[in-house]
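Take a look at the letters that make up each chain.
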Amino acid sequence: MKNVYLIGGTMGVGKTAACQILKNKLPNCVFLDGDWCWDMHPFQVTPETKKMVMENICFLLNQFIRCSAYENIIFCWVMHEQGIIDEIISKLETGDCKIYTISLICDADSLRKRLQKDIDAGIRSEDVIQRSIAGIGLYEELDTKKIDVSHITPEQAAEKIIEGKKCGGKRYGS
């Protein structure tokens, strides 16, 4: 049985940091950040690029699912709409997989502080704060396990993801 973790959250919530730690805590693990399939300049959101990114993500995830070397597959991306999560799952070869859908959430003040550190370091532009804060509420509507990371470290978030696995994921396939 393979474990596929789909981990979403608004920009700056700590998805990548938590997933990098999680990758090292789980056996036979591979990690894909959806942003790596969307890293372009200039950044263009068009029907064509959105379709291409989704196809790239699902192709890579299916490659990891088919590869016998991996038992745990982690994917993170903004995934702010249920339709995105559902589309990804519908395109995966989920036989003999448990899927864990998780949203990392946090309060606006904590998010603002995290993003400001990135802005100060030159990693993000100033406009990201309002865009990311505007997305916080979208995650409450999703059919995902919510983990509040407002006052915990990425290490603690990874531990909560592992603890949540004990509660079971959704089984897809036969």
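Details of the structure are given in the entry above.
Residues numbered from 1 in each chain as written. Predicted model: local features only at pLDDT ≥ 70, side-chain atom pairs only at ≥ 80, totals over all residues. Heavy atoms only, no water.

Caption draft 1: Spotlight on the pattern of salt bridges. Within the structure shown, the criterion is met by eight salt bridges. Lys25 serves as the salt-bridge partner of Glu159, at 2.8 Å between the closest nitrogen and oxygen. With Glu159 in helix α6 (residues 154–165) and Lys25 in helix α1 (residues 15–25), the pair connects residues that are 134 residues apart, well separated along the chain. Classification of Glu159 by relative accessible area gives partly exposed; the value is 30%. With a shortest N-O distance of 2.7 Å, Arg124 and Asp118 are connected by a salt bridge. Since its relative accessible area comes to 28%, Arg124 is described here as partly exposed. One salt-bridge network, in which partners are shared between bridges, spans Lys25, Glu155 and Glu159. (Salt bridge = Lys/Arg side-chain N within 4 Å of Asp/Glu carboxyl O. Helix = DSSP H or I, 4+ residues; strand = E, 2+ residues; numbered from the N terminus. Buried < 20%, exposed > 50% of the residue type's maximum accessible area, 1.4 Å probe, protein only.)

Caption draft 2: Representation of the environment of Met79 within the structure. Examined against the element boundaries, Met79 turns out to sit in the loop between β3 (72–77) and α3 (82–90). Residue Met79 is classed as buried on the basis of its relative accessible area, which comes to 3%. Between the alpha carbons of Met79 and Tyr139 there is a distance of 8.6 Å; along the sequence they are 60 residues apart.

Caption draft 3: How the structure looks around the nonpolar core. With 28 residues, the main nonpolar core has Ile7, Ile74 and Leu104 as its most contacted residues. Those elements that place two or more of their residues in this core are β1 (2–9), α1, β2 (29–33), β3, β4 (97–105), α4 (108–120), α5 (128–135) and α6. Residue contributions to this core peak at four residues, all from α6. Contact partners of Ile74, with chain neighbours within four places excluded, come to Tyr5, Ile7, Cys19, Leu22, Lys23, Leu26, Cys29, Val30, Phe31 and Leu32. (Core = buried A, V, L, I, M, F, W, Y, C linked by side-chain atoms within 4.5 Å. Contact = heavy atoms within 4.5 Å.)

Caption draft 4: Structural detail: the packing of aromatic side chains. Enumeration according to the criterion identifies five aromatic pairs in this entry. Between Tyr5 and Tyr100 the ring centres are 5.0 Å apart and the planes differ by 20 degrees, which places this aromatic pair in the stacked class. In this pair, Tyr5 is assigned in strand β1 and Tyr100 in strand β4, connecting sequence segments 95 residues apart. In terms of burial, Tyr5 and Tyr100 fall into one category: buried. Their ring planes at 80 degrees and their centres at 5.2 Å tell us that Trp38 and Phe43 sit as a pair that is edge-to-face. (Phe/Tyr/Trp six-rings, centres within 6.5 Å; stacked < 30°, edge-to-face > 60°.)

Caption draft 5: Representation of the pairing of β3. The element β3 is largely enclosed, with a buried count of six among its six residues. Side chains Asn72, Ile74 and Cys76 of β3 all project onto a buried face; the interleaved residues Ile73, Phe75 and Trp77 project onto the opposite face, where all are buried too. Bridge analysis of β1 against β3 gives six bridges, and the strand direction is parallel. Note on β3: the bridge partner recorded for Leu6 is Phe75. Both β2 and β3 contribute to a ladder of five bridges, which runs parallel. Residue pairing across strands places Phe31 opposite Ile74, the latter belonging to β3. Taken together, β2, helix α2 (residues 47–66) and β3 constitute a β-α-β crossover, and its handedness is right-handed. (Pairing = 2+ DSSP bridges. Right-handed = clockwise from strand over helix to strand, strands pointing away.)

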